[in-house]
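Descriptive analysis of the structure
Residues per chain, in single letters:
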Amino acid sequence: PGPGQAEMYAGLQELGVAHGEDLKETLTNCTEPLKAIEQFQTENGVLLPSLQYALPFLDLHGTPRLEFHQSVFDELREKLLERVSAIALEGKVEERYKKLEDLLEKSFSLVKMPSIQPVVMCVMKHLPKVPEKKLKLVMADKDLYKACAVEVKRQIWQDNQALFGDEVSPLLKQYILEKENVLFSNDISFLQNFFSPSPKTRRQGEVVQKLTQMIGKNVKLYDMVLQFLRTLFLRTRNVHYCTLRAELLMSLHDLEISEICTVDPCHKFTWCLDACIREKFVDNKRARELQGFLDGVKKGQEQVLGDLSMILCDPFAINTLALSTIRHLQDLVGQDTLPRESPDLLLLLRRLSLGQGAWDMIDSQVFKEPKMEAELITRFLPLLMSFVVDDHTFTVDQKLPSEEKGPIPYPSTIPEAFTKFLQENRIACEIGLYYILHITKQRNKNAFLRLLPALVETFSDLAFSDIFLHLLTGNLTLLSDEFALEEFCTSLFDGFFLTACSRKENVHRHVLRLLLHLHHKVAPAKLESLQKALEPTKQSGEAVKELYNQLSEKLELHKPSPAEVTETPSMELPLPTVPTPASR
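Residues numbered from 1 in each chain as written. Predicted model: local features only at pLDDT ≥ 70, side-chain atom pairs only at ≥ 80, totals over all residues. Heavy atoms only, no water.

**Topic: the overall build of the protein chain**
Along its length, the protein chain carries 32 helices and zero strands. Counting only residues that meet the buried cut, the protein chain has 44% of its 584 residues in that class. Sequence-distant contacts, at least 24 apart, represent 72% of the contacts inside the protein chain between residues at least 6 apart. Just so you have it, the protein chain exposes about 31,500 Å², and 55% of that area is on carbon and sulfur atoms. (Helix = DSSP H or I, 4+ residues; strand = E, 2+ residues; numbered from the N terminus. Buried < 20%, exposed > 50% of the residue type's maximum accessible area, 1.4 Å probe, protein only. Contact = heavy atoms within 4.5 Å. Areas by Shrake-Rupley, 256 points an atom, 1.4 Å probe, with all protein chains shown as cover.)

**Structural notes on the packing of helix α21 (residues 343-356) against helix α25 (residues 426-441)**
Two elements in contact, α21 and α25, have axes separated by 10 Å at closest approach and are oriented at 110 degrees. Comparing the axis directions of α21 and α25 gives the class roughly perpendicular. As α21 packs across α25, the resulting crossing turns out to be right-handed. From α21, L349, L352, S353 and Q356 reach across to α25, where they touch R426, I427, E430 and I431. Of the residues belonging to the contact of α21 with α25, the class tally is four nonpolar, two polar and two charged. (Axes fitted to C-alpha atoms, helices over the stretch in contact; angles between N-to-C directions. Parallel < 35°, antiparallel > 145°, perpendicular 65-115°, else oblique. Left-handed = near helix turned anticlockwise from the far one by under 90°. Nonpolar A, V, L, I, M, F, W, Y, C, P; charged D, E, K, R; others polar.)

**Quick word on unusual backbone geometry**
Of note, Q365 is a non-glycine position whose phi angle comes to about 60 degrees, a positive value. Following the sequence through the fold, Q365 ends up in the loop between α22 (358-364) and α23 (374-399). Judged by relative accessible area, Q365 falls into the partly exposed class, the value being 45%. The residue S460 is not glycine, and still its phi comes out positive at about 55 degrees. With respect to the element layout, S460 can be found in the loop between α26 (445-451) and α27 (466-476).

**Brief notes about the environment of K285**
Mapped onto the fold, K285 is located in helix α18 (residues 284-295). As a C-alpha pair, K285 and D344 span 59 residues in sequence and 9.1 Å in three-dimensional space.

**So, the nonpolar core**
Core analysis: the biggest nonpolar cluster contains 161 residues, and F380, I431, F483, L492, F493 and F497 have the highest contact counts within it. In this view, F380 contacts E375, F418, F421, L422, A428, I431 and G432; residues no more than four positions away in its chain are not counted. (Core = buried A, V, L, I, M, F, W, Y, C linked by side-chain atoms within 4.5 Å.)

**Digging into the confidence of the model for the protein chain**
Across the protein chain, pLDDT averages 86, with 85% of residues at or above 70. Low pLDDT, under 50, characterises residues 565-576; the predicted model gives this stretch eight contacts beyond four residues in sequence or across chains. Segment residues 578-584 is flagged for pLDDT under 50; beyond a separation of four residues in sequence, or across chains, it makes six contacts in the model. (pLDDT = per-residue confidence, 0-100.)

**Quick look at helix α17 (residues 267-279)**
Taking 1.5 Å per residue as the helical rise, α17 with its 13 residues ought to reach 18 Å, and the 19 Å between its terminal C-alpha atoms agrees with that figure. For α17, the complete set of buried residues consists of H267, F269, T270, C272, L273, D274, A275, C276 and I277. Where the residues of α17 are buried, they touch α12 (199-202), α15 (240-254), α16 (258-261), α18, α19 (304-312) and α20 (315-335). Within two residues after α17, K280 carries a phi angle of roughly 55 degrees, on the positive side. (Expected span 1.5 Å × (residues − 1).)

Okay, here's the thing in structure tokens:
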């Protein structure tokens, strides 16, 4: 017999059950083999009197004895599995578990026997506490560990953080990769973007579901996962770990796992924030509710602020808070109210500030709400509001009958203070970037070109972060017709994108994504110079090279015929952006 044979009979010896090896030995040492076989069959066969007559009948039909015994065995195993599951639910708790423990004691020696293994595993699965000795044996054997149910693995994991980490780590890598794939997707649209899926849809993702199942109702494992997420967030500053922190809690909330939800102090806060994210807006009632949870953090429990800040640092939360802030500022313009006079706006800013300060708080272990600079409220936000007013004024001016002096031009300068705020203040920078996304979505080319130069240098290079560039490229598709204009392309590409392409590979990728989508709108001469400027270097990664090749192939297909080329100069004439009324 090969190595497989030994496994097949594993443990039978200890139970005093004869097997193939015993028969082999008997036949080797006997004088009458046929008699010996008959005796072995009698001693080890199914002891049912009625079978004495049925078996010869099966022989006549050419049914091998093995097939008969196998089908009886399979039938009995199914019955036993059903019985084990039934025992796990009946009678008093102590009694049922006592029965299962006795059964495990009797059957465990057969755990390596493939035909019996499912029964042993089923018994362990239904035991809330498998004896330590048995768990150690399972853990030490790769195949047994692989074969056991997640209920048993949880009992192993809770005392073996390293082993649990090995199981969780590939899932976390997969999660980050999935997020990045969405941000760099070749499908560019202002309708569908990174933030489009609802929280409930996101929680159905494979990684969140797998982690939820691995944790079950085990608070210890949940805490371990949170610890992994905190550590990875600190090590990498990758905000997608914050998203997973919130998604995991809400996934357990969906399943009503009260054992965990009631002990996580962030539960109600996350639940309320989740509702805001779903509606992409924080209304005043919910803003006060969120503040109430923060005010409710008791003395001595300030560490909770670290977790709450991590939940607010989730890009989906930041996105919701920033969009709500922009909407609020527009409302204030209509009401002739200053930002400092709006308590609800101040609550939004405090949430934004806490989220943006998550990394520093967890890193420094100083758990208190970051102080907000007064100038953000007294100077920066009024500046943003003045841009909104500029737009209104310009629109009204265009409608008034023109005097001899001609139309009033759109303001082209940016106040120096605005640029300085974007460079030095993280929250100002975040709100400023969202304001730029907002005007782009409104197809407000004038305002976009006016503010674009301020993005070249921003706090921590936020204007070159993947999330912002993903949203910006999507919104720019609304201004696709402007790409035919030299002035627009020079401002956007030379003035912004190309300033960072050589030092930031992600920017290079986003520009290529945008051109793959809009190349047919760009003036041919400009396209040619862009193609040269965006050529990958030796240091460029595979993703950049792949995108560049895709773009080159597309451009090759779209090359205009010589007849068309002669007409291109007319495309480059500056088009009047606003029709001027006929002078009287």
